[in-house]
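Chain by chain, the residues run as shown.
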Amino acid sequence: MWRSPLDKPAPVHSLEALDVQSAMDLQQHPMVVIDAEYRIVAANRAYRECYGVSEEDLVGRRCHQVSHHSDVPCHENGEDCPHQTVFRNGEPHEVRHVHYDPVGNAEHVRIRGHVLRDLRGQRFLAEEIIHLPREQSEITCTDMRMVGRSPAFLRCLHHIEMAARTDASILLWGESGVGKELAASALHQFSARADKPLITVDCTTLPEHLFESEFLGHERGAYTGCIGRKIGLFESADGGTLFLDEVGELPLPVQAKLLRVLETGAFRRLGGADLLHANVRIIAASNRNLREMVAERTFREDLYYRLAAINIDLPPLRERREDIPGIACVLLERIGREWGGQWQLSTEAERRLCAYNFPGNVRELRNILQKAVALADGPLILPEHVHFLQSSHHPEENIAAPTRPISFSGRRGRPTNLPELLSTFQGNRRQVAEHLGVSERTVYRWLHQS
Ligand SMILES: Nc1ncnc2c1ncn2[C@@H]1O[C@H](COP(=O)(O)OP(=O)(O)OP(=O)(O)O)[C@@H](O)[C@H]1O
């Protein structure tokens, strides 16, 4: 295009001349810039409003004092903090934290931390803070909430959220009763497959002779006495998620068969000629250390790597004691709905619970609360209503149990007096499980290990 020599190009403005503060204020999420000493250098309007700090009072304040109401940096409280990552290796980092508003209300937030440099090249941490709506603040599965605010639990929730966004297979590891099944439902619900089925396979009840018919299904007349066609568990999960619970219990021959199906997604129903396909996302769970089992050759290495594209560890309750009151409260609400009533813990009863070690984790807490509710005369649960059933793996942290302690020193946590207990409960595994605060499956597994 022809230009007159008199036409001057428009001047190019440099970014330096821009008012950074007004650019930050355009952001609807709270944003804050922090130096290496945790001092706030700048923050946008949303941040100031959210945490109740005036413009004059902001610069130089410590970030942890403003958002955590804590005098020490979050990582000293055991939290995973972007400050550490950004200043150590300059990598962006995303975490989930609990922040407090000016009056002390807790809210779950997602923080994205990035490196920012000034003109001299000095490094700062720029944080974008996204407040999670209530329904995301505690992962909710139907009416089951995964409750907790401890750093260990928040880390675990963050991993669950991140992993749910992918289609990779996930291995959940954690002690019995720690919430693996709940985590599997959460993973499914947060995934793109949420509107498709979540099928649970209890691997303790999948012996070799049932694998084909149960897992892959069968055609009519596939074997003597077989009446109709049956869709197997794998096919039922097509488009959705297959949860392999207690996967470490699968016998080796079944592991080989399972691997073959998982590798290709292709299978034939028992007695069927057609090769079928199912598109299934796998979540597996185990309370046994599968790596050790691989080393001992009791678990196939190739299957392990097929299952464990992402590993998520669920922390035991004794490593997140600060979660006990919150979980107890939710469990009491649940018991109240089921039994028709309202109960709450007295301060002393809560203190007693918080000092206990919970070898049976959240399931044991639920059983203890059910018994306490049954014993309580009114809506208040007192310390004498709180009865512990197990002696712990860490007796030094345990409060003396009023009932006769059970030794869990046996193989893989198996109580040494299991045969005695079975005879007391006339072989009823469910009652033994309830008594011990473990799942019925766990008792089943112990019996098959003997
Ligand atoms: N964070 C939590 N908040 C509230 N309830 C929880 C939490 N974690 C677990 N629960 C409850 O504790 C009980 C046991 O959880 P779950 O069955 O998921 O444990 P698990 O690890 O799969 O146990 P197992 O290995 O014995 O099968 C369930 O009633 C579950 O709803």
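Everything below is about the structure printed above this text.
My aim in this report is to walk through the structure given alongside it, one point at a time. If you're wondering where the values come from, they're calculated on a predicted model, not measured in any experiment. (Residues numbered from 1 in each chain as written. Predicted model: local features only at pLDDT ≥ 70, side-chain atom pairs only at ≥ 80, totals over all residues. Heavy atoms only, no water.)

### Some points on the pattern of salt bridges
According to the stated counting rule, one finds 21 salt bridges in the structure shown. Between Asp25 and Arg45 there is a salt bridge, with the nearest N and O atoms lying 3.9 Å from each other. Within this pair, whereas Asp25 is found in helix α1 (residues 20–25), its partner Arg45 is found in helix α2 (residues 45–51), the two being separated by 20 residues in sequence. A relative accessible area of 18% means that Asp25 is categorised as buried. (Salt bridge = Lys/Arg side-chain N within 4 Å of Asp/Glu carboxyl O. Helix = DSSP H or I, 4+ residues; strand = E, 2+ residues; numbered from the N terminus. Buried < 20%, exposed > 50% of the residue type's maximum accessible area, 1.4 Å probe, protein only.)

### Examining the site of the ligand
Around the ligand, a shell composed of 20 residues is seen, among which Arg145, Val147, Ser176, Gly177 and Lys180 lie nearest. A distance of 3.2 Å separates an oxygen atom of the ligand from a polar atom in the side chain of Arg334. Considering the ligand on its own, with 640 Å² of exposed area, one finds that the protein chains cover 95% of that surface. At the level of secondary structure, the elements contributing two or more residues to the shell around the ligand comprise α7 (180–189), α15 (361–375) and α18 (440–449). A breakdown of the residues in the shell around the ligand according to their chemical character gives 6 nonpolar, 5 polar and 9 charged. Two domains each donate at least three residues to the shell around the ligand, and these are domain 2 (140–313) and domain 3 (319–449). (Near = heavy atom within 4 Å. Polar contact = N/O pair within 3.5 Å; in protein donor to acceptor, adjacent residues only side chain to side chain. Areas by Shrake-Rupley, 256 points an atom, 1.4 Å probe, with all protein chains shown as cover. Nonpolar A, V, L, I, M, F, W, Y, C, P; charged D, E, K, R; others polar. Domains from an automatic or database assignment.)

### Some thoughts on the packing of aromatic side chains
A complete count under the given rule lists 7 aromatic pairs for this structure. Relative to Tyr305, the ring of Tyr304 lies with its centre 5.2 Å away and its plane at 85°, an arrangement referred to as edge-to-face. Its relative accessible area of 4% is what places Tyr304 among the buried residues. Ring geometry for Tyr356 against Phe388: centres 3.8 Å apart, planes inclined by 10°, an arrangement best described as stacked. With Tyr356 in the loop between α14 (347–354) and α15 and Phe388 in the loop between β18 (380–381) and α16 (418–424), this residue pair connects regions lying 32 residues apart in the sequence. Judged by its relative accessible area of 0%, Phe388 falls in the buried class. Taken together, the aromatic side chains of Phe211, Phe215, Phe234 and Phe267 make up a single cluster linked through ring pairs. (Phe/Tyr/Trp six-rings, centres within 6.5 Å; stacked < 30°, edge-to-face > 60°.)

### Things to note about the pairing of strand β1 (residues 31–34)
Because side chains alternate across β1, one face comprises the buried residues Met31 and Val33, and the other comprises Val32 and Ile34, equally buried. Sheet topology note: the β1/strand β2 (residues 40–43) ladder contains 3 bridges and is antiparallel. Within β2, the residue paired with Ile34 across the bridge is Ile40. Adjacent in sequence and paired antiparallel, β1 and β2 are bridged by 5 residues, among which Tyr38 carries a positive phi angle near 70°. (Pairing = 2+ DSSP bridges.)

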